[in-house]
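# Results of the structural survey
One letter stands for each residue in the lines below.
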Amino acid sequence: TPTPVPRKNMLNVLFLGIDRTEAREETRISAAADTIMLARVDLDNKTMKVLAIPRDTYGYIPVADKLDKINSAYAYGAQQGKAIWSIKDAIKRLLGEGGRIDYYFTLDMEPIPDIIDDLGGVEVDVELDMQSHGVNLSKGMQVLDGKSSYDYIRWRYGGDGDIGRIRRQQGFIKAMFKKLQASEMEKELLRIILTYGDDINTDLGLEQLESIIRLGAEMNQQDIQFFVLPGEGKTMDDTSYWMINEEKAMQMLEDFYR
């Protein structure tokens, strides 16, 4: 993979949505990383690039010394008390020299409905009817409450599977960004972080978080670009994986690191 030129005021922050709930904790050894995004924050130019890594991406998991889905690196590591180290190491192996991670920020998925309700809901253009697997959403522009928002960003039963889910998550982030910018964004985000601190794990200090939030408040929507690691779905041993297209990934990563 391409190696970006090191820059003093460029930060790579790993964002993880952790699939941890009380019910799952009772039935699984450990939670997995349900959402994986690497944000490249340009402090000088006040821009951000966000790379989504599909959770089923087939890659090497160093802590387990095996090839598996990239999101399982968190669970394998958790069994040894080093979940974050494990998934960071797996992502670095996946992306090569460019996969430097300066900081991480994780959020348990369970409180998301409460967080969205706290913000008063988010207006989203639901692109298709989603009426299966416990979800009942109709196509069209609408304000989604907490539960509906949670259903929207997790549903992956359309023709494009998990990639469609990633696109919806990216669109939802844009919609939430728009809503926050119409209010006191810095104040609201800090309030959410402090209120739900028990569901957050990060090595960013409060001053660093405030700086990133302040930067976000100064950005326009066009200052944020979204990417998805390219590949194709493949089934091996009755398990679905996302196999990276190395040529397309190389081209995309050159743009991402530029």
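Each remark here, short or long, concerns the structure printed above.
Keep in mind that this is a model prediction, so the values were computed, not measured.

### Description of the overall build of the protein
Counting its secondary structure elements, the protein contains nine helices and twelve strands. Scaling as 2.2 N^0.38, a compact globule of 258 residues should have a C-alpha radius of gyration of about 18 Å, and the protein matches this with 18 Å. Counting only C-alpha atoms, the protein reaches 45 × 45 × 35 Å along its principal axes. In the protein, which comprises 258 residues, the share counted as buried stands at 50%. Expressed as a percentage of contacts within the protein between residues at least 6 apart in sequence, the contacts between residues at least 24 apart total 61%. Looking at the protein as shown, the accessible area adds up to about 13200 Å², and 46% of this sits on carbon and sulfur atoms. Where the 32 positive side-chain charges of the protein centre and where its 43 negative ones centre are 4 Å apart.

### Here's the deal with the sheet that holds strand β9 (residues 200-202)
Taking strand neighbours across the sheet as the criterion, the six strands line up as β9-β6-β1-β2-β3-β10 in an open arrangement whose pairing is mixed. Strand pairing shows two members of the sheet lacking a second neighbour, β9 and β10 (224-228), which therefore form its edges. On average, adjacent strands in this sheet sit at an angle of 20° to one another, irrespective of strand direction. Where strand β3 (residues 47-52) meets β10, five bridges bridge the pair, whose relative direction is parallel. Its bridge partner lying in β10, Lys49 is registered against Gln225. The sheet contacts of helix α6 (residues 161-181) involve β2 (33-42), β3 and β10, and relative to β10 the element is tilted by about 170°. Helix α9 (residues 246-257) contacts β2, β3 and β10 of the sheet and is inclined by roughly 155° relative to β3.

### Overview of the pairing of β3
Burial analysis of β3 places five of its six residues in the buried class, which makes it a mostly covered element. Examined bridge by bridge, β2 and β3 share six bridges and lie antiparallel to one another. If you follow Val41 over to β3, its bridge partner there is Met48. Between β2 and β3, which pair antiparallel in sequence order, lie four residues; one of them, Lys46, sits at a positive phi of approximately 55°.

### Regarding the pairing of strand β12 (residues 239-244)
Sheet topology places strand β11 (residues 231-236) next to β12; six bridges connect them, and they run antiparallel. What sits directly across from Met236, in β12, is Thr239. Linking β11 back to β12 in an antiparallel pair, the connection comprises two residues, with Asp237 at a positive phi of about 50°.

Parameters at a glance
- Residues numbered from 1 in each chain as written.
- Predicted model: local features only at pLDDT ≥ 70, side-chain atom pairs only at ≥ 80, totals over all residues.
- Heavy atoms only, no water.
- Helix = DSSP H or I, 4+ residues; strand = E, 2+ residues; numbered from the N terminus.
- Rg over C-alpha atoms; globule rule 2.2 N^0.38 Å.
- Buried < 20%, exposed > 50% of the residue type's maximum accessible area, 1.4 Å probe, protein only.
- Contact = heavy atoms within 4.5 Å.
- Areas by Shrake-Rupley, 256 points an atom, 1.4 Å probe, with all protein chains shown as cover.
- Lys, Arg positive; Asp, Glu negative; His and termini not counted.
- Charge placed at Lys NZ, Arg CZ, Asp CG, Glu CD.
- Pairing = 2+ DSSP bridges.
- Axes fitted to C-alpha atoms, helices over the stretch in contact; angles between N-to-C directions.

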